[in-house]
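Residue-level listing of the chains:
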Amino acid sequence: MMFPLRQNRTVRGAHMALARRARPASASILRIRPLAAMWTLGFALAAAAHAIPAEATAPMVLIPAGEYKPLFVAEKDPAAVPVPAFQLDERPVTNAEFLAFVTAQPKWRRSRVSPLFADHGYLADWADDLVLGSGAPADAPVVRVSWFAARAFASWAGKRLPTTAEWERAAAAGYTTTDGATEPAYRADVLNWFSRPNPWPLPAAGCGRPNLFGVHDLAGLVWEWVADFNTALVNGDARGDSGLDRELFCSAGSVGARDTTNYPAFMRAGFRSSLHASYVVPNLGFRCAR
Amino acid sequence: MNFLEFCASRKPRVATLFAAFAAALCLTADTARAQEEAAAPTGNPVVTDELPIENAILVSPPNVPPPITRRHPARVVIRLEVREIVQRLADGVDYTFWTFGGAVPGRFLRVREGDVVEFHLENHPSSKMPHNIDLHAVTGAGGGAASSFTAPGHSSQFTFTALRPGIFIYHCATAPVPMHVANGMYGMILVQPKEGMAPVDREYYVMQGEVYTAGRHGEEGLQAFDPIKADEERPPYVVFNGAVGSLVGDRALQAKVGETVRIYFGVGGPNLTSSFHVIGEIFDTVYSEGSFASPLHNVQTTLVPAGGSAIVEFKTEVPGTFILVDHSLTRAFNKGALGMLKVSGPANRVLYSGKEIDEVYLGQQSDAGSAAGERVAQLVAAKQEAIAQNPQIAGITKDIQIERGKRVFLSACFACHQPDGKGLPGIFPPLAGSDFLKADKERAIQIVLKGLSGPIVVNGKPFNNVMPPQDFSDEQIANVLTYVRNSWGNDFGSVSVDEVKHIHAQTQ
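The model shown is predicted, which means the values in this text are computed figures rather than measured ones.

> Mind laying out the overall build of chain A, listing which residues take part and the relevant values?
Helix and strand counts for chain A come out as 10 helices and 6 strands. Per-residue burial for chain A yields a buried fraction of 49% across its 290 residues. Sequence-distant contacts, at least 24 apart, represent 76% of the contacts inside chain A between residues at least 6 apart.

Structure below.
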């Protein structure tokens, strides 16, 4: 399927256990499982029919097989999970590329998009349905797109959204090593982004200094959707997370987070967990994987 | 009405349920469950039909909304907007503050005990971060944090009942929490007791917080947050109301003589406890820990913990500038935790005179005959002796010896050896360029001590005369020999007092 999410199945399972306990209503959703499977198959076929050559979108970079160290790990989870080699867009998807997508798929145009799949404010920086305008330079990253829209673009491009594990695996690298957290210059650049307001309009995608793998703008330009954003193990109250449900997460110690000094990782986890799939956020874009 | 329109037209709870349902159609069942979890809204808004509805008045520091005078509970609607803004931290220093309502600390909220508070947290679209709010006035998990977790460009609503009176901190509790708080995300909410509060003439709102800038204190430019300094609790700035000098000069708090002043003081932190003090005032009343339960009276300094608060009240008695400080004083004088209350009005010189006399004060010396006086005299003498005996303690260098030795030479020696050290041919041997002087330092010392008579050869020329012993101190001998051995082109080295003493002892 499109979203295997196997890399952090244990974490997600724990999360779901919480969800089930907190929200018994989810049982009603479970009854539609066969129907959902059929619909998903249909969507996948439809997407395949519309696929375009991958060369029409961002060049991709090979991220070699490696591992991802989740910020929050349960006691029985491994500290690191393997991430097979994959291809990742070297930069976020641009307004121009998204314009090509909505031109080809009218149902994702601003005036036609279903309110189920994109909140009010979808592509609000654009001048019109098919006109970017001064607020949305062609080479700037597209923002104010929902998870649904990002996912549809990826299918259209013959790609998919990266998983959290994949994205974090690529973003953990600094400029010169696989562990950017130990590179002072890299850490400083990442933190500087948080200390500055969002520029508007946004600068061009792909201009940031490439990391070890040759990927641009994983930090310092916009936030990015990932396929399994809703598995982020942070509830709304960040202080509760380290002590949350200790039998599940941290019976061995009082600290549930692997590295409490990794502020960027905390912020990414926090940001993802604030999202719903229909949200459109002014500094949230995406890139694709394959 | 078709299905989508139906969804869009319903109340949020219904719409989202259908959104979750529709989303489920597109996803695998597992993902659908996750999606349902993520998209699930809160419950329906709490209905309190019987209560009158009023909108809270929100004001920025150091001001406080007017007292609530009604005698019944209400449903109070609070809309608090989160904005991330660049703002002055100190002169020439800017910082990106994350704020509740565009100021640090955030807007002062005022409700009454028993009120039902409908809270809306609105995260401005320009925000980079998601935010939430934990109000310590809330009785409920997280203090509202999970219920108010809000992405940029979104708004959340939750409702709570203000069960307990007091002055409470509120703050953001989004990861990483210390960073959100250090960036300015704290403020206070006053829950007035049902019985009301004593009226005062002035109410002010002051909060202390630390700022962990990457640069040193005073380093100019837009400063980034430094997580290492935060971890080590080493803030370059500790400030009142979000900036160095926020309560100074034109921005100072104001009062008139005879007025009662109430300051709601809180500590946002994220880490440091404050020793809050107003220089030149004694607090008539302190509501410690922000509790109305058992106030203290006549307090000098009150300890306010991080994430805690106090109310201090006092009547101004005399005019002047009264300085608000964290009495951990390097924070006040080196890091910015300093404010001013300017009190105007007539002086009361009985209560406080101001400076009455300024005169010279000489102090008292120890009596000459006292034990202390004798001891001082002994020490002075010992010190002078040590200096006299030890050129190193006295700081006597070769140059000083030469200078002093020259005075000795010109008091006696020059008459025979001549001021230029060349002597008189055949009568008085020369010192300038003298091989006899150069050859033997000890002999030179002996000659000055004991004199010399009989034939000698200097620079190949014979002399036969008498030089009498000189009545010099050892120090004078050392100095004058150093002078003659290092003048007129001579470079024969210096002579120390110790060397003279040594020869002197041998020759006696």
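> Could you give me a rundown of the overall build of chain B, with the residues and numbers involved?
In terms of helices and strands, chain B carries 13 helices and 23 strands. Here chain B holds 508 residues, and 44% of them are scored as buried. A sequence separation of at least 24 residues applies to 67% of the contacts in chain B between residues at least 6 apart.

> Before we move on, can you summarise the sheet that holds strand β20 (residues 320-326) of chain B with the specific residues and values?
Residue and element names in this part refer to chain B. Strands sit in the order β13-β21-β20-β15-β18 across an open sheet of 5 strands; the sheet is mixed. What marks the edges here is a single partner per strand, and that holds for β13 (253-256) and β18 (301-304). Sheet twist, expressed as the average angle between the axes of neighbouring strands with direction ignored, equals 20°. For strand β15 (residues 274-279) and β20, the ladder comprises 4 bridges, and the chain directions are antiparallel. Of the residues in β20, the one forming a bridge with His277 is Val325.

> Lay out the nonpolar core with the relevant residues and their values.
The biggest cluster of nonpolar side chains holds 166 residues, and the ones touching the most others in it are Val145(A), Phe153(A), Met188(B) and Ile189(B). Per-element accounting of this core gives the leading share, 8 residues, to helix α5 (residues 147-156) of chain A. Residues in contact with Ile189(B), not counting those within four places in the same chain, are Leu109(B), Val111(B), Leu135(B), Ala137(B), Phe168(B) and Tyr170(B). Counting 18 residues, the second largest nonpolar core, distinct from the first, contains Ala478(B), Leu481(B), Tyr483(B) and Val500(B).

> Which residues make up α5(A), and what values go with them?
Residue and element names in this part refer to chain A. In terms of residue burial, α5 counts as a mostly covered element, since 10 of its 10 residues are buried. Within α5 the residues assigned to the buried category are Trp147, Phe148, Ala149, Ala150, Arg151, Ala152, Phe153, Ala154, Ser155 and Trp156. Positive phi shows up at Gly158, right after α5, with a value of about 75°.

> Please give an account of helix α10 (residues 263-273) of chain A that cites residues and values.
Most of α10(A) is tucked away, with 11 of its 11 residues classed as buried. All of the buried residues along α10(A) are Tyr263(A), Pro264(A), Ala265(A), Phe266(A), Met267(A), Arg268(A), Ala269(A), Gly270(A), Phe271(A), Arg272(A) and Ser273(A).

> Tell me about the sheet that holds strand β6 (residues 134-135) of chain B, residues and numbers included.
Residue and element names in this part refer to chain B. Pairing is mixed across the open sheet formed by 4 strands, whose spatial order is β4-β9-β8-β6. Edge positions in the open sheet fall to β4 (109-112) and β6, since each of these has one partner strand only. Pairing between strand β8 (residues 166-171) and strand β9 (residues 186-192): 6 bridges, direction antiparallel. Counterpart to Gly166 in the pairing with β9 is Val191.

> Before we move on, can you summarise the environment of Tyr170(B) with the specific residues and values?
All names here are of chain B. With respect to the helices and strands, Tyr170 occurs in strand β8. Look at Tyr170 and you get buried, because 28 C-beta atoms sit within 10 Å. Beyond its immediate sequence surroundings of up to four residues, Tyr170 is in contact with Ile133, Asp134, Leu135, His136, Tyr186, Gly187, Met188 and Ile189.

> So, the packing of helix α11 (residues 441-450) of chain B against helix α13 (residues 497-507) of chain B: which residues are in play, and what are the values?
Residues and elements named next belong to chain B. At a minimum axis distance of 10 Å, the contact between α11 and α13 shows a crossing angle of 65°. Seen along the crossing, α11 lies across α13 with a hand that is right-handed. The segment α11 lies against α13, with Glu442, Ile445, Gln446, Leu449 and Lys450 engaging Glu499, Val500, Ile503, His504 and Thr507. Residues that form the contact of α11 with α13 fall into these classes: 4 nonpolar, 3 polar and 3 charged.

> Pulling in residues and values, what's your account of the environment of Val267(B)?
Residue and element names in this part refer to chain B. Position of Val267 among the secondary structure elements: in strand β14 (residues 260-269). Among the residues examined, Val267 registers 25 C-beta atoms within 10 Å and is labelled buried. Those residues in contact with Val267, other than ones at most four positions away along the chain, are Met207, Gln208, Thr273, Ser274, Val304, Pro305, Ala306, Gly307 and Gly308.

> Pulling in residues and values, what's your account of the pairing of strand β16 (residues 283-287) of chain B?
Residue and element names in this part refer to chain B. Pairing geometry for β16 and strand β17 (residues 296-299), over 3 bridges, is antiparallel. When the sheet's bridge partners are listed, Phe283 is paired in β17 with Val299. Taken together, the 3 bridges between β16 and strand β19 (residues 308-315) define a ladder with antiparallel strand orientation. Note that in β19 the partner of Tyr287 across the bridge is Ile311.

> I'd like to hear about unusual backbone geometry, residue by residue, with values.
In this structure, the amide linkage connecting Pro61(B) to the following residue, Pro62(B), adopts the cis form with an omega of 5°. Note on placement: Pro62(B) falls in the loop between β1 (53-55) and β2 (75-90). In this structure, Pro176(B) follows Ala175(B) across a cis peptide bond, with omega equal to -10°. At Asp217(A), a residue that is not glycine, the phi angle is positive and equals roughly 65°. Note that Asp217(A) resides in the loop between α7 (184-194) and β5 (223-224). A residue is classified by how many C-beta atoms lie within 10 Å of it, and Asp217(A), with 24 of them, is buried. Phi at Asn459(B) is positive, roughly 50°, even though this residue is not glycine. Summarising the element assignment, Asn459(B) is placed in the loop between β22 (452-458) and β23 (461-467). In this structure Asn459(B) comes out as exposed when scored by C-beta crowding, with 12 C-beta atoms within 10 Å.

> For the confidence of the model for chain A, give the residues involved together with the corresponding values.
Residue and element names in this part refer to chain A. Put simply, chain A has an average pLDDT of 77, and 69% of its residues get 70 or more. Taken element by element, chain A is modelled with least confidence in helix α9 (residues 246-249), mean pLDDT 28, and with most confidence in strand β4 (residues 86-89), mean pLDDT 97. Note on residues 1-49: pLDDT is under 50 here. Beyond four places in sequence and across chains, it has 73 contacts. In this model, residues 241-255 is a region of pLDDT below 50 whose contacts with residues beyond four sequence positions or in other chains number 28 contacts.

> An account of the environment of Val239(B) is requested, with residue identities and associated values reported.
Residue and element names in this part refer to chain B. As for its position among the elements, Val239 is in strand β12 (residues 237-240). Using a count of 27 C-beta atoms within 10 Å as the deciding quantity, one classes Val239 as buried. When the C-alpha atoms of Val239 and Glu210 are compared, they prove to be 6.3 Å apart, with 29 residues separating the residues in sequence. Apart from the residues within four sequence positions on either side, Val239 is in contact with Gly209, Val211, Val244, Ser246, Gly336 and Ala337.

> Please provide a residue-by-residue account of the confidence of the model for chain B, values included.
All names here are of chain B. Of all residues in chain B, 88% attain a pLDDT of 70 or more, and the chain-wide mean is 87. pLDDT under 50 marks residues 1-40. Its contacts with residues more than four places away, or in other chains, come to 80 contacts. Note on the complex model: pTM 0.69, ipTM 0.71.

So, how was this worked out
Residues numbered from 1 in each chain as written. Chains lettered and ligands numbered in written order. Predicted model: local features only at pLDDT ≥ 70, side-chain atom pairs only at ≥ 80, totals over all residues. Helix = DSSP H or I, 4+ residues; strand = E, 2+ residues; numbered from the N terminus. Buried ≥ 20, exposed ≤ 12 C-beta atoms within 10 Å, placed from the backbone. Contact = placed C-beta atoms within 7 Å. Pairing = 2+ DSSP bridges. Axes fitted to C-alpha atoms, helices over the stretch in contact; angles between N-to-C directions. Core = buried A, V, L, I, M, F, W, Y, C linked by C-beta atoms within 7 Å. Left-handed = near helix turned anticlockwise from the far one by under 90°. Nonpolar A, V, L, I, M, F, W, Y, C, P; charged D, E, K, R; others polar. pLDDT = per-residue confidence, 0-100.

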